[in-house]
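An overview of the molecular structure
One letter stands for each residue in the lines below.
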Amino acid sequence: QVQLVESGGGLVQAGGSLRLSCVASGTIFRINAMGWYRQAPGKQRELVANIRSDGSTNYTDSVKGRFTISRDNAKKVVYLQMNSLKPEDTAVYYCNAKIIRLGSLWDADYWGQGTQVTVSS
């Protein structure tokens, strides 16, 4: 089995910073793309940022210039550095990874349990 475990959420004032981490564990052959999604109350889950195995990244427009995604392939960890946080960044943040398990040919989507980020004004 595969698990994704997030950490680093919390309460911060507007303009502050937080760093989210997500570590993958289990019967993993290879991790392709890793990313962060978020879901605010009453809204659909949206992609925040993702990073491919070659290091190329993609960000949603609202976080460009403020958030940075990175990964450590050896440790199977993906990070999201969030700076200049705004109240509208308040949401539950979910880690996502496309993982090929040992003995499998194709990758599948795996999700973490979510971590709350609250930005006060």
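Since we're looking at a predicted model, the values are computed, not measured.

Let's shift gears to unusual backbone geometry. Of note, lysine 76 is a non-glycine position whose phi angle comes to about 60 degrees, a positive value. Position of lysine 76 relative to the elements: it lies in the loop between strand E7 (67-72) and strand E8 (77-82). The phi dihedral of serine 84 falls on the positive side, at around 50 degrees, and the residue is not glycine. Mapped onto the elements of the fold, serine 84 is located in the loop between E8 and strand E9 (91-101). Owing to a relative accessible area of 41%, serine 84 belongs among the partly exposed residues under this scheme.

Oppositely charged side chains can pair when the atoms bearing their charge come close. As enumerated under the stated definition, the model contains five salt bridges in all. A salt bridge links glutamate 46 to arginine 38; the nearest nitrogen and oxygen atoms lie 2.7 Å apart. Taking the relative accessible area as the measure of exposure, arginine 38 reaches 6% and is therefore buried. The partner of arginine 66 in a salt bridge is aspartate 89, and the shortest N-O contact between them spans 2.8 Å. Residue arginine 66 is found in the loop between strand E6 (57-59) and E7, and its partner aspartate 89 is found in the loop between E8 and E9; the two are separated by 23 residues along the sequence. Owing to a relative accessible area of 10%, arginine 66 belongs among the buried residues under this scheme.

Looking now at the state of the cysteines. Counting across every chain of the model gives one disulfide. Linked covalently through their sulfurs, cysteine 22 and cysteine 95 form a disulfide whose S-S length is 2.1 Å. Classification of the bridge connecting cysteine 22 and cysteine 95 rests on its S-S torsion, roughly -80 degrees, and on that basis the disulfide is left-handed. Placement of cysteine 22 in strand E3 (residues 18-26) and of cysteine 95 in strand E9 is noted, with a sequence separation of 73 residues between them.

Both strand E1 (residues 2-7) and E3 contribute to a ladder of six bridges, which runs antiparallel. By the bridge assignment for E3, leucine 4 is matched with alanine 24. Of the strand pairs in this sheet, E3 and E8 are connected by six bridges, and their pairing is antiparallel. Residue pairing across strands places arginine 19 opposite glutamine 81, the latter belonging to E8.

Looking now at the environment of alanine 14. Position of alanine 14 relative to the elements: it lies in the loop between strand E2 (10-13) and E3. Residue classification places alanine 14 among the partly exposed residues on the basis of a relative accessible area of 41%. Each C-alpha atom of the pair alanine 14 and valine 78 lies 24 Å from the other, and the pair is 64 residues apart in sequence. The residues contacting alanine 14, other than those within four sequence positions of it, are Leu85, Pro87, Val119, Ser120 and Ser121.

Conventions used here
Residues numbered from 1 in each chain as written. Predicted model: local features only at pLDDT ≥ 70, side-chain atom pairs only at ≥ 80, totals over all residues. Heavy atoms only, no water. Helix = DSSP H or I, 4+ residues; strand = E, 2+ residues; numbered from the N terminus. Buried < 20%, exposed > 50% of the residue type's maximum accessible area, 1.4 Å probe, protein only. Salt bridge = Lys/Arg side-chain N within 4 Å of Asp/Glu carboxyl O. Disulfide = S-S within 2.5 Å. Pairing = 2+ DSSP bridges. Contact = heavy atoms within 4.5 Å.

Everything listed here is a matter of coordinates, which is why it stays silent on function.
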